Amino acid sequence: MAMPPLVAIELGTTRTVVAVGECGDDRLTLTAVGTYPTTGVRKGQIVAVEQAEAGLVAALRQAEQNSNVTIGQVLLAVTGGHIQTMVNLGNIPIQGRDHLVTQDDVNEVTELAASLNLDDSRRILHTLAQAFTVDDMGGVFNPVGMTGSQLALNMLVIHGARARFENVMTVLRQASVDVQDTVFGVCAASLAVLTPEQKRAGVLLIDLGGGTTDYAVFANDVIAAAGSIGVGGDHITNDIALAFNIPSVQAEDLKRREGSALIEPDASGRRLTLPQGPGFPDRTFGVRALQTVIHARMDETLRVVRSRLDEEGVLPLLGAGVVLTGGGTRLRNIHALVQQTFGLPCMDGVICNLACASSIEPSPDLATVAGLLLYRYEHGGDDMLIRPVGKRIKRLFEGMFKR
Amino acid sequence: MSTETGLLLVGVGGGGCQFAAAARQTFGERLRAVGLDTDRQAIGGVEGLRGLLLGEPRLDGMGTGGDPVKGRLAMQDDAEAFTRELDGVHVAVVVVALGGGTGGGAAPEALRLLRQKEITTLCFALLPFPFEDAARRQAAERALPQLDESADTVVVIPQGGLWESAGANDLPFAAAAREARRVFGHALTLLWRLLLAPGFIRFDPARLCAVLASRGRARFCLSEAVGPARARDAAEGLLAQIGTAEPAAPPRAVVLGVLAGDDLRLAELGDIMRTVGENLPKDCRLDMGTIADSLYDGCICLIALVFETWSEAAAGGGGAAPPAGRPPLSGAVRRGQRGGAAKSKLGYGAGRRRFRDIEATIFNGEDLDIPTYVRKHIAL
């Protein structure tokens, strides 16, 4: 039976994106997109349900018009500074004949590593198997048939604040759509933009969003680290507004027109004049000052990411550089700043793992929703595979990250 | 080789090894020194350093071809061999000439290894000449933030400025390079000399470690003078450099070494301290030590490390004296003891505007919702 059209939603801080994917000829094509500026969301979290709902409804209508699809069920990308990760270790003795590891042992240790008791206020979003250890030998990806006395598994657990997730669900319920599954945004984006070679060689994916900066590190075909920092493009806009005492709308416009992640050599001599607005006199200031504000913020944000990766010991794994997605990729010189910060080559995440209709530009802004569609598509039309992630234990993401 | 000083000089890359070798020549056998390079021929030609060829299986001793990723990987390959050199080391001075692959790639990695061993690090980073090609200058710019990240203190020295300080611009090239390296050698060995060849006043090792551990960038200034007014002339020359160097942020701490012969008089020392002290900002910390070297009879040379971001809290509150019975510099401030990042003067809520009604994003005790330029005191 043909798979029905798939719908993915990213309820972002600055805009809501709804994407429709249609399956045919054994491949998935992104056929339509609806977008609308978001209000009522700060740092990836709902702060005003009705406002967020209004933006979502507008984006849904646009997507429906562009695709001739009636949207009922959707996949949802989630993010926010409340999302945290931890590595949980499962460890069992190998008791079978000749101490050979069996599939049952693997299942048991996987179940053990994925079962942890978090506070009721937290909800597990993903449990991602990393590498097995047989006795003292680490980095084993398939231990079945190996000999040893102990089998261990590291499980990366991604969890977030239950109440924040519920708030997003409320917005979607009020917009009359049913959420089939939720996926951490940057994990979804990785499906759309990263190649198997990059995941094997070690790559850092940074999603420069409006409210958050999310990151995921892949190495040896597994996800080695992930996280979210509650700082995004909105912070740049806020910094500019405060620095020059101008409204946020003007600050956002300035960021887009004259913003740069590095202070450009010709910035010193240039001055900008903002005309008088309601309650604001006209202002003149230097481009260098503007770019200093932006550079300070972007430099700090990237250093926070770097610091977190350093703490987790994954920086040396990055052999294939850094890939960027999200609206922040449009900031001038962002790639040079990333290169400076990480000492690694940097590129935009281009949607490469699914086709896009000719009317749709496969830009890094759409990576998350494109990845969500792929996530659903890769797991077939089987409804069993799209139950809430926390309820399933058996290597839900193994196929996702080992394609 | 004696390790009793607890000090180690590390040259990284071709240029770094050459400058490190020159420094060792300046201060002789008492300096324990290691050279790290990926180029077999270059490392073989440097005298006075214990050479470690990096990444031989990967690069076959042929260098990185300007690729910092190769430099980083080569350093990772030989991390164990380098770590073996670190027994008994408490302070490491790393010198690197940026612009190439080994310096830019291996130096941050080497600093990271030193950091893992809880060794206090001072990194001298030499920038390419302004006339060098854009690729080298860009490579240097890319490497600097990584050094900032890994080293306790980074002293950035534009090579053009170094040659100018050494009065080498008008000399034939070979003589000019020698002179630049000699001047640099004095700066590089400042710490050793302050501690090991003291004159009237010995520098407190714990203070030195505390200042270095404050993290941040420092500038290097040097001034020489002869004649009857040599003390005042040298002090004024130094002040001119401190005041005019770019970026001209006000100094927060100065480590001053007075290098002179046996003819240095106490009154001259008083003159220097008065002239320098009176012209520094009131909240600027000045630490001084003297270095006696008969080669400098008739001359006074002032060498200063100028810190623009230093704070007493970040430096560990001034540093306690090293525990009795431990070797020199064993009182080095350990990372875990250091003060955290300086908190913004603004309380939570102030300056947050758009984020005032939402849970703050806190990292290392700082509220990231407050504009970065406010928290970092960046002038616009």
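Just so we're clear, the structure is a prediction, and the values are computed from it rather than from any experiment. (Residues numbered from 1 in each chain as written. Chains lettered and ligands numbered in written order. Predicted model: local features only at pLDDT ≥ 70, side-chain atom pairs only at ≥ 80, totals over all residues.)

**Q** What is the right way to look at the overall build of chain A in this model?
**A** Helix and strand counts for chain A come out as 11 helices and 19 strands. Per-residue burial for chain A yields a buried fraction of 50% across its 403 residues. The long-range fraction of contacts in chain A, counting pairs at least 24 apart against all pairs at least 6 apart in sequence, stands at 70%. (Helix = DSSP H or I, 4+ residues; strand = E, 2+ residues; numbered from the N terminus. Buried ≥ 20, exposed ≤ 12 C-beta atoms within 10 Å, placed from the backbone. Contact = placed C-beta atoms within 7 Å.)

**Q** Is there a simple way to explain the overall build of chain B in this structure?
**A** Helix and strand content of chain B: 14 helices and 12 strands. Sorting the 380 residues of chain B into buried and exposed places 50% on the buried side. Considering only residue pairs separated by 6 or more positions, chain B has 75% of its internal contacts joining residues 24 or more positions apart.

**Q** Would you take a moment to explain the packing of helix α6 (residues 233–244) of chain A against helix α8 (residues 287–311) of chain A for this structure?
**A** When two helices pack together, their arrangement is given by the angle between the helix axes and by the axis-to-axis distance. Residues and elements named next belong to chain A. Running from N to C, α6 and α8 point in directions that differ by 140°, and their axes come no closer than 10 Å. Relative to α8, the element α6 is oriented oblique. In this structure, α6 meets α8 at a crossing whose hand is right-handed. On the side of α6, the interface is formed by H235, I236, D239, I240 and A243, while α8 contributes L290, V293, I294 and R297. (Axes fitted to C-alpha atoms, helices over the stretch in contact; angles between N-to-C directions. Parallel < 35°, antiparallel > 145°, perpendicular 65-115°, else oblique. Left-handed = near helix turned anticlockwise from the far one by under 90°.)

**Q** Where do I start with the pairing of strand β4 (residues 91–97) of chain B in this structure?
**A** Side-chain direction in a regular strand flips from residue to residue, so the side chains alternate between the two faces of the sheet. Residues and elements named next belong to chain B. Counting buried positions along β4 gives 7 out of 7 residues, so the element sits mostly inside the fold. Taking every second residue as pointing to the same face, both faces of β4 are buried, with V91, V93, V95 and A97 on one and A92, V94 and V96 on the other. Pairing of strand β1 (residues 7–12) with β4, which is carried by 6 bridges, proceeds in the parallel orientation. Residue pairing across strands places V12 opposite V96, the latter belonging to β4. Bridging between β4 and strand β5 (residues 120–127) involves 7 bridges; their strand directions are parallel. By the bridge assignment, V95 is partnered in β5 with F124. With helix α6 (residues 101–116) bridging β4 and the parallel β5, this β-α-β connection has right-handed handedness. (Pairing = 2+ DSSP bridges. Right-handed = clockwise from strand over helix to strand, strands pointing away.)

**Q** Explain the sheet that holds strand β11 (residues 178–184) of chain A here, please?
**A** Remark on secondary structure: sheet strands pair via backbone hydrogen bonds, oriented parallel or antiparallel. Residue and element names in this part refer to chain A. Pairing is mixed across the open sheet formed by 6 strands, whose spatial order is β11-β6-β1-β2-β3-β19. Of all strands in the sheet, those bounded by a partner on one side alone are β11 and β19 (355–356). The pairing of strand β3 (residues 27–37) with β19 spans 2 bridges and is parallel. What sits directly across from L30, in β19, is C356. Along the sheet, helix α1 (residues 49–67) makes contact with β1 (6–11), β2 (15–24) and β3, crossing β3 at roughly 140°. Along the sheet, helix α3 (residues 162–174) contacts β1, β6 (73–78) and β11; its crossing angle with β6, the most-contacted strand, is approximately 145°.

**Q** What is the right way to read helix α7 (residues 134–150) of chain B from this model?
**A** Think of an α-helix as turning once every 3.6 residues; residues three or four places apart then point the same way. Here α7(B) spans 25 Å end to end across 17 residues, near enough to the 24 Å set by a 1.5 Å rise per residue. By the burial criterion, the buried members of α7(B) are B:A139, B:A140, B:R142, B:A143, B:P145, B:Q146, B:L147, B:E149 and B:S150. Those residues of α7(B) that are buried lie in contact with α8 and α9 (334–342) of chain A together with α4 (68–77), α6, β5 and β6 (153–158) of chain B. (Expected span 1.5 Å × (residues − 1).)

**Q** Explanation requested: the nonpolar core in the structure shown.
**A** One finds A:A8, A:A19, A:L205, A:A370 and A:L373 to be the most contacted residues of the largest nonpolar core, which totals 121 residues. The element best represented in this core is α8(A), accounting for 11 residues. When we break this core down by domain, the ones giving at least three residues each are domain 1 (84–158) and domain 2 (197–348) of chain A. Among all residues touching A:A8, those that are not within four sequence positions of it are A:A19, A:V74, A:L75, A:V369, A:L372 and A:L373. Counting 93 residues, the second-largest nonpolar core is a separate cluster that includes B:V155, B:F184, B:L194 and B:A234. (Core = buried A, V, L, I, M, F, W, Y, C linked by C-beta atoms within 7 Å. Domains from an automatic or database assignment.)

**Q** Help me understand unusual backbone geometry, please; the structure alone is not making it clear to me.
**A** Residue and element names in this part refer to chain A. For N68, which is not a glycine, the phi torsion comes out positive at approximately 60°. Judged by local crowding, N68 falls into the exposed class, with 10 C-beta atoms found within 10 Å. For N220, which is not glycine, the phi dihedral falls at a positive 50°.

**Q** Which parts of the structure should I look at to understand the packing of α9(A) against α7(B)?
**A** Contact geometry of α9(A) with α7(B) gives a least axis separation of 6 Å together with a crossing angle of 55°. Judged on the interaxial angle alone, α7(B) and α9(A) are oblique. The residues of α7(B) that touch α9(A), namely those facing A:Q339, A:Q340 and A:T341, are B:E141, B:R142 and B:P145. Its residues assigned to classes, the contact of α9(A) with α7(B) shows 1 nonpolar, 3 polar and 2 charged. (Nonpolar A, V, L, I, M, F, W, Y, C, P; charged D, E, K, R; others polar.)

**Q** What should I look at first to understand the sheet that holds strand β9 (residues 137–140) of chain A in this one?
**A** All names here are of chain A. Strand order in this open sheet of 4 strands is β7-β10-β8-β9, and the pairing throughout is antiparallel. In this open sheet, the two strands that pair with only one neighbour each are β7 (84–93) and β9. Between one strand axis and the next, the sheet turns through 35° on average, direction left out of account. Both strand β8 (residues 122–134) and strand β10 (residues 150–161) contribute to a ladder of 10 bridges, which runs antiparallel. Opposite I124, over in β10, you have H159 as the bridge partner.

**Q** Just to check I follow, could you spell out the confidence of the model for chain B for this structure?
**A** Regions with low pLDDT carry predicted coordinates that are not meant to be interpreted in detail. Residue and element names in this part refer to chain B. For chain B, mean pLDDT is 75; residues scoring 70 or higher make up 76% of the total. Element-level pLDDT for chain B is lowest in helix α11 (residues 205–212), with a mean of 66, against a maximum mean of 93 in strand β2 (residues 33–37). Taken together, the stretch residues 311–350 has pLDDT below 50 and engages in 86 contacts with residues farther than four places along the chain or on a different chain. Confidence estimates for the predicted assembly give a pTM of 0.57 and an ipTM of 0.88. (pLDDT = per-residue confidence, 0-100.)

**Q** Please clarify how the interface of chain A and chain B should be interpreted in this entry.
**A** Size of an interface, as often reported, equals the accessible area lost when the parts are brought together. Taken together, the contact between chain A and chain B spans 27 residues of the former and 24 residues of the latter. Among the elements that line the side of chain A that touches chain B, the one with the most residues is α8(A), at 8 residues. The residue inventory of the side of chain A that touches chain B, partitioned by class, reads 11 nonpolar, 9 polar and 7 charged.

**Q** Honestly, α1(A) in this entry has me stumped. Any pointers?
**A** Residue and element names in this part refer to chain A. Here α1 is 19 residues long and its end C-alpha atoms lie 27 Å apart, about the 27 Å a rise of 1.5 Å per residue gives. Close packing links the buried residues of α1 with β1, β2, β3, β4 (41–42), β5 (45–46) and α3. Among the residues trailing α1, N68 stands out with phi positive, at a value near 60°.

**Q** Any chance you could explain the confidence of the model for chain A here in plain terms?
**A** Residues and elements named next belong to chain A. Looking at chain A, pLDDT values average 87 and 92% of them are 70 or higher. Predicted confidence in chain A is weakest over helix α11 (residues 398–401), with a mean pLDDT of 39, and strongest over strand β12 (residues 203–208), with 97. Every residue in residues 380–403 is under pLDDT 50, and counting partners more than four places away or in other chains gives 37 contacts.

**Q** Quick question: what am I supposed to make of the pairing of β3(A) here?
**A** Residues and elements named next belong to chain A. Judged from the 10 bridges that link them, β2 and β3 form a sheet pairing that is antiparallel. Bridged to G24 within β3 is R27. Turn length for the β2-β3 hairpin, with the two strands adjacent in sequence and antiparallel, is 2 residues, and the turn residue D25 shows positive phi of about 50°.

**Q** Is there a simple way to think about the environment of B:G103 in this case?
**A** Residues and elements named next belong to chain B. Inspection of the secondary structure assignment puts G103 in helix α6. A tally of 31 C-beta atoms within 10 Å means that G103 is categorised as buried. Along the backbone, G103 and L36 are 67 residues apart, and their C-alpha atoms lie at a distance of 9.0 Å. Excluding anything up to four places from it in sequence, G103 contacts V12, G13, G15, G16, V96, A97 and L98.

**Q** Teacher, can you tell me more about the environment of A:T35 here?
**A** Inspection of the secondary structure assignment puts A:T35 in strand β3. As a C-alpha pair, A:T35 and A:L60 span 25 residues in sequence and 7.9 Å in three-dimensional space.

**Q** It is not clear to me how the environment of A:V74 should be interpreted in this structure. Could you clarify?
**A** All names here are of chain A. Looking at the element boundaries, V74 is found in strand β6. Look at V74 and you get buried, because 24 C-beta atoms sit within 10 Å. Those residues in contact with V74, other than ones at most four positions away along the chain, are V7, A8, I9, V177, V179 and Q180.

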